[in-house]
Number of protein chains: 2
Amino acid sequence: MRALRTRKNREASGRFLAEGIRVVEALVDSGLRTRWVLTSSSLTDSRRGEALMAEVTRRGIPVRTVADELFASFAATEKPQGVIAVAEIPESSRRPFEAPPSRAVVLVLDAVQDPGNFGTLVRSAEALGAVGIVSLAGTVDPWNPKAVRAAAGSSFHVPILQERWHAASSMLREAGYAIVGASVDGLPASELRERRVALVVGNEGAGLSNEVRDSLDHSIGVPLRGRAESLNVAAAAAILLYELTR
Amino acid sequence: MRALRTRKNREASGRFLAEGIRVVEALVDSGLRTRWVLTSSSLTDSRRGEALMAEVTRRGIPVRTVADELFASFAATEKPQGVIAVAEIPESSRRPFEAPPSRAVVLVLDAVQDPGNFGTLVRSAEALGAVGIVSLAGTVDPWNPKAVRAAAGSSFHVPILQERWHAASSMLREAGYAIVGASVDGLPASELRERRVALVVGNEGAGLSNEVRDSLDHSIGVPLRGRAESLNVAAAAAILLYELTR
């Protein structure tokens, strides 16, 4: 379980960690294969913890329960909720992206570094109805434990494809998507008339990489006021996804 | 400097920490009083660091430079950028809220707990043209170092008032604001016809407190798809502020 804190070990084993009651509830409910669950002895003190434990047991998922202190040494959160699951990383498949409906949005992440931002982006993508996420090389691991927590279960519902830009952009163009970059000086999203949009958002500090910027069909952005130079990437993407999917 | 990591010491001394090149650039430029700056000896290896150091010196702000290793023991970030400033917390004043223009939005934070979310909310509020922030009792300290970093300079530009709900809601109503809560099942923001809106967003897990919920004029929300139960609070607020200020 401790080994799965590193990307290398997650990729080698094909497994990831999901921590917290809400996230493990969503995991168990998602159909992804959960290998086993570690719980603290106080998990079942709450009704919700008790219900989760019953559900995990009902599904025949192996459980190991340890004292709160030992549990805390496995937890990545400051106030552990008493449950961590080990589950299998779903296959990274092109299929959900290849035959989109007539109107569709894909969110492409280009070197987004902060796992909290990554997870928030996945959560917004699901909530606002995106077809899926493409995570480009240089982006934080989608299965980073903090990213999984921030996604609040959406990592288990939204297809996440890990791909390099060249292959991803070819695939998206073939499927009829316009490639649209998020940038501070882009067009208002409401003026974009494309029916299938792959929205690319960039790194927290540097924005879009040159490779991506050079192959965009359009740039869109949120008009800004005040002295703020930009929005946080997850805030900007939420607004743009909202405009593109409304 | 280490003492200022706790809210108690920040409130007792009236000082806070600003870490990182971009944040200290904004601080120095803001007119807030910067008491002194700690830099690492390698700060001036970059052009941007060198320019910041020159500006700090030009303004007569005392600087203490230490070796990178010692600097790292003061830094709160994993990859320190070599600069931390100690500055004075600006006065928490009602004035910016009391005579709003005919169309205005205030963002009210009700027990938002995560400093990263708080800072992102402040950044979005500035970028989208809100009049200011009201931070209710039970909310994370606006001057928490992580909140200040996540706000990317906006903490120094947007008025932040710390107030209890009863006093804050009376003040806002007297100034002509409708009190509008963000909730998953609220009206679409585009249907709201009020000209002055105080938008209240709640705690990451529990949402709005009962006290706030009971005194709302309206509830607004973002229509959701997929199986996501909600958006991250900073993503939801970004969309709602965008709708209310467009």
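Residues numbered from 1 in each chain as written. Chains lettered and ligands numbered in written order. Predicted model: local features only at pLDDT ≥ 70, side-chain atom pairs only at ≥ 80, totals over all residues. Heavy atoms only, no water.

Considering the overall build of chain A
As a reminder of what qualifies: Put simply, DSSP marks the helices as runs of H or I at least four residues long and the strands as runs of E at least two long, and each gets a number from the N terminus on. The globule rule used for comparison is 2.2 Å times the number of residues to the exponent 0.38, while the radius of gyration itself is calculated over C-alpha atoms. Computed with a 1.4 Å probe, the accessible areas rest on the Shrake-Rupley method; for each residue, only the protein chains presented here act as cover. In this tally, Lys and Arg are treated as positive and Asp and Glu as negative; His is ignored, and so are the chain termini. Working definition for charges: the position is that of NZ of Lys, CZ of Arg, CG of Asp or CD of Glu.
When helices and strands are tallied, chain A shows 10 helices and 10 strands. Computed over the C-alpha atoms, the radius of gyration of chain A is 19 Å, within 12% of the 18 Å expected from 2.2 N^0.38 for a compact globule of 246 residues. Expressed along its principal axes, the backbone C-alpha trace of chain A runs to roughly 55 × 40 × 35 Å. Accessible area of chain A: about 10900 Å², with a carbon and sulfur share of 47%. Side-chain charges of chain A comprise 30 positive and 28 negative groups, with the mean position of each set lying 3 Å from the other.

Quick word on the relation of the copies chain A and chain B
Selection criterion: The atoms used to superpose the copies are C-alpha atoms, taken from residues with pLDDT of at least 70 in both, and the fit is least squares. Contacts are residue-level and defined by heavy atoms, with any inter-residue pair within 4.5 Å sufficient.
Structural alignment of chain A on chain B gives an RMSD of 0.0 Å, achieved by rotating through 180° and translating 0.0 Å along the axis. Put plainly, the chains are arranged around a two-fold axis. Comparing interface residues between copies, 100% of those in chain A also sit at the interface in chain B, which points to an isologous, same-surface contact.

Regarding the confidence of the model for chain A
As a general rule, the predicted coordinates of low-pLDDT regions are not to be interpreted in detail. Applied cut-off: Scored from 0 to 100, pLDDT records how confident the predictor is in each individual residue.
Within chain A, residue pLDDT values average 96, and 100% of them lie at 70 or more. Here the prediction assigns the complex a pTM of 0.96, and the interface score ipTM is 0.95.

Here's the deal with the interface of chain A and chain B
Just so we agree on the cut-off: Here the quantity called buried area is the total loss of accessible area, with a 1.4 Å probe, experienced by two parts when brought into contact, counted for both. Every case where a carboxyl oxygen of Asp or Glu lies within 4 Å of a side-chain nitrogen of Lys or Arg is listed as a salt bridge. Polar contact criterion, stated in full: a pair of N or O atoms within 3.5 Å, where within protein one must be able to donate a hydrogen and the other to accept it, and residues adjacent in sequence count only if both atoms are side-chain atoms. Here the nonpolar group is Ala, Val, Leu, Ile, Met, Phe, Trp, Tyr, Cys and Pro; Asp, Glu, Lys and Arg are the charged ones; every other residue, Gly included, is treated as polar.
Facing 31 residues of chain A, the contacting portion of chain B comprises 31 residues. Its largest share of buried area at the contact with chain B, chain A owes to Arg-225, Arg-227 and Tyr-242 of chain A, together 21% of the area lost on that side. Remark: the boundary between chain A and chain B carries three salt bridges. The salt bridge involving Arg-22 of chain A is made with Glu-229 of chain B; its shortest N-O contact spans 4.0 Å. Our enumeration of links across chain A and chain B arrives at 18 residue pairs in polar contact (both at pLDDT 80 or more). If you list the elements that add at least two residues to the side of chain A that touches chain B, you get helix H2 (21-30), helix H6 (115-127) and helix H10 (233-245) of chain A. Of all the elements, H10 of chain A adds the most residues to the side of chain A that touches chain B, at six residues. A class-by-class count of the residues in the side of chain A that touches chain B yields 11 nonpolar, 10 polar and 10 charged.

A few points about the sheet that holds strand S9 (residues 196-201) of chain A
Residue and element names in this part refer to chain A. Note the threshold: In short, DSSP must find at least two bridges between two strands for them to pair. Angles here are taken between N-to-C directions and fall from 0 to 180 degrees, while the axes themselves are lines fitted to C-alpha atoms, restricted in helices to the stretch in contact.
Strand order in the open sheet made by the six strands is S7-S6-S5-S9-S8-S10, with parallel pairing throughout. The outermost strands of the open sheet, each flanked by one partner alone, are strand S7 (160-163) and strand S10 (218-221). Averaged over neighbouring strand pairs, the angle between their axes works out to 35° when direction is ignored. The pairing of strand S8 (residues 178-188) with S10 spans five bridges and is parallel. By the bridge assignment, Val-180 is partnered in S10 with His-218. Of the strands in this sheet, strand S5 (104-109), S8, S9 and S10 are in contact with H10, which crosses S9 at around 175°.

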